[in-house]
Amino acid sequence: MKILFVTNNINVPGNGICTSVNTTVQHLKERGVDARFLSGISKDSGVPQPDFPLDRLYFPIFQPIIDANGFSYAKRDRRVIRKAVEWADIIHITEPLLLQKDAIRMAEKMGKPIVGTFHLYTQNILTEIPLASWKWSNDLLMKNWMNAFFNHCSYIQCPTQAVRQLLEKHNCKSNLEVISNGTIIPAEPVTARMPSTNPYLILTTGRLCEVKKQMTLVEAMRYSRHSSEIQLYFAGNGVYRDKIMKACSKLVSEGILRYQPVIKFLTSAELAELNRKAYLYIHCSKMEVEGLGCLEAIREGAVPIIAQAELVGTTDFALDERSIFPTGDAKALADRIDWWIEHPREREMMGQEYADFSRKFDIGKSITSLIEMYQKALTR
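Here is a short report on the structure shown in this document. Since this is a predicted model, take the numbers as computed values, not measurements.

Turning to the nonpolar core, a few remarks are in order. Residues Leu 4, Leu 38, Ile 91, Phe 118, Leu 167 and Tyr 374 are the most contacted members of the largest nonpolar core, which totals 65 residues. Examining the composition of this core, we find that seven residues originate from one element, helix 14 (residues 363–379), more than from any other. Counting residues in hydrophobic clusters, the runner-up holds 57 residues, among them Ala 235, Ala 247, Ile 282 and Ala 307.

The tally for this structure, following the rule as stated, stands at 16 salt bridges. Glu 342 is paired through a salt bridge with Arg 225; the nearest N and O atoms lie 2.9 Å apart. You can see Glu 342 sitting in helix 12 (residues 330–342) and its partner Arg 225 sitting in the loop between helix 8 (215–220) and strand 11 (230–235), a full 117 residues away along the chain. On the basis of relative accessible area, Glu 342 is assigned to the partly exposed category, the value being 37%. Among the residues examined, Arg 225 registers a relative accessible area of 55% and is labelled exposed. Shared partners join several salt bridges into a network, and the residues in it are Arg 76, Asp 102 and Arg 105.

Here we come to the sheet that holds strand 14 (residues 303–308). A sheet is described by the order of its strands in space; here six strands give the open sequence 12-11-10-13-14-15, paired in parallel fashion. In the strand order of this sheet, the two ends are held by strand 12 (262–264) and strand 15 (324–326), each with one partner. Within the sheet, the average angular offset between the axes of one strand and its neighbour, ignoring direction, is 20°. Bridge count for strand 11 against strand 12 is three bridges, and the pairing is parallel. Note on strand 12: the bridge partner recorded for Tyr 233 is Val 262. Packed onto the sheet, helix 10 (residues 268–277) meets strand 10 (200–205), strand 11 and strand 13 (280–283) and runs at close to 140° relative to strand 10.

What counts and what doesn't
Residues numbered from 1 in each chain as written. Predicted model: local features only at pLDDT ≥ 70, side-chain atom pairs only at ≥ 80, totals over all residues. Heavy atoms only, no water. Core = buried A, V, L, I, M, F, W, Y, C linked by side-chain atoms within 4.5 Å. Buried < 20%, exposed > 50% of the residue type's maximum accessible area, 1.4 Å probe, protein only. Helix = DSSP H or I, 4+ residues; strand = E, 2+ residues; numbered from the N terminus. Salt bridge = Lys/Arg side-chain N within 4 Å of Asp/Glu carboxyl O. Pairing = 2+ DSSP bridges. Axes fitted to C-alpha atoms, helices over the stretch in contact; angles between N-to-C directions. Contact = heavy atoms within 4.5 Å.

Have a look at this one:
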């Protein structure tokens, strides 16, 4: 079975799609599936390059903004796309963008089955302009995505039930399979240990930007009764780095925070170690298809507090209301943080429950389901 993953880039640090598709391809190969990439080349020559490489597409003036937001576009080359599609048994699209549109057209001409994974909301594309909050603009873009991409797929991987419901709402004609992107789960169950409480390490991960709403966590410190006992850690990078740093420094100078917050991009190994040390993991994003960063945290025994909103699939990982707050509500977030700090026994118990719960999202199970989806696509 030869699977062609069509994605704009596979080596953008901090990009969730890159992380997810790389992990998926790695595990498919371990199962004997010949999975390869049609993708833009990386500007870093020291990392693996795609099997079917495309030049990177640069946008004058806007390229620094694109880079800061953790994305990269591939320049379309019909000869390379044709070669890649001819090689494959199945075409797997990962984004509803122009490269994928060309791959779909070529696959249909050759009679190759097409599947897809829903990784992006329309709001993710429109968020940098005022159109993101307008229903008509999102509906219009979703209609375009349905006609140009998703309705051409025989099957679509929906990482959460919320994604499946969204596609059903927009009358998607494809077969919809709820399959988590999954995470690597240790063979032996994790024994969650109570982390240090001097100070309380409060961790959030991901790209630092408006969509992820990390400023909610910063603002929550003004309402928390325990802010002077808390060490904030922002594991990531992005356009909001300076804004977050400035706001945190102000809290320190005002005496609200005693410990200087840390902002740092970490390797996977470093992040796993930090997750084990975290008293709480905070997920503030106002839109998230799944939220593997949160899943990686609870895998190590961290207790999450997750923003709840229509476009946040991450709330699927919350085991009860103590781990949920309304997105953007800093006071509610502070109340949840204080509750967990003031109830250490419950924190210790729930750390183990979350570690055990995460095992149902083992990437091995996701890969098995994906292979079954591919087999069905080949026989339709």
